[in-house]
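Given next are the chains, with one letter for each unit.
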Amino acid sequence: MLAYLIDNQAVGPTTAGTPGLLYDGIPLAILGIVLLVVVHAFNLILGILEPGIQGARLLYVETFSKFLHGGGKPFTPFKGPRIYTVSETAATETKK
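Being a predicted model, the structure only gives us computed values, none of them experimental.

**Digging into the overall build of the chain**
Right, on to step 1. A tally of regular secondary structure across the chain gives three helices and zero strands.
Right, on to step 2. Going residue by residue from the N terminus, the α and β elements of the chain occur as α-α-α.
Right, on to step 3. Residue burial in the chain is summarised as follows: out of 96 residues, 8% are buried.
Right, on to step 4. On the chain, roughly 8600 Å² of surface is accessible, and the fraction owed to carbon and sulfur atoms is 70%.

As structure tokens, then:
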């Protein structure tokens, strides 16, 4: 999808019917070609790295859910008094 959008912006007619960057003169033609190459390279890099990142994430989640046995103290983040929101426990207590 990203490649299709960039091709239409740099080369083909846009949705408004105006030609792309390659048809508006030499400087914009150079900009269009540079934009085409850079964004296609970015899209290729995303396509190569994304499956590896998702695989590593799944391995991490599945490994820790099966083999990590917590034994420490519960996580308590830094927090201050709530001003504009209500916690879930306070909301269920007010409904009872």
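**Observations concerning a nonpolar patch on the surface**
Right, on to step 1. Taken together, the side chains of Leu-44, Ile-45, Ile-48, Leu-49 and Ile-53 make up a nonpolar region of the molecular surface, amounting to roughly 530 Å² of accessible area.
Right, on to step 2. Here Leu-44 lies in helix H2 (residues 26-67).

**Remarks on H2**
Right, on to step 1. The first and last C-alpha atoms of H2 sit 61 Å apart over 42 residues, in line with the 62 Å expected at 1.5 Å per residue.
Right, on to step 2. The largest bend in H2 amounts to roughly 30° and is located at Leu-49, with the proline Pro-51 lying one to four residues further along.
Right, on to step 3. Of the residues making up H2, those classed as buried are Ala-29, Gly-32 and Val-39.

Procedures and definitions
- Residues numbered from 1 in each chain as written.
- Predicted model: local features only at pLDDT ≥ 70, side-chain atom pairs only at ≥ 80, totals over all residues.
- Heavy atoms only, no water.
- Helix = DSSP H or I, 4+ residues; strand = E, 2+ residues; numbered from the N terminus.
- Buried < 20%, exposed > 50% of the residue type's maximum accessible area, 1.4 Å probe, protein only.
- Areas by Shrake-Rupley, 256 points an atom, 1.4 Å probe, with all protein chains shown as cover.
- Patch = residues over 30% accessible without salt bridge, like charges linked within 9 Å, V, L, I, M, F, W, Y side chains within 5 Å.
- Salt bridge = Lys/Arg side-chain N within 4 Å of Asp/Glu carboxyl O.
- Expected span 1.5 Å × (residues − 1).
- Bend = angle between axes of the 7 residues up to and from the residue.

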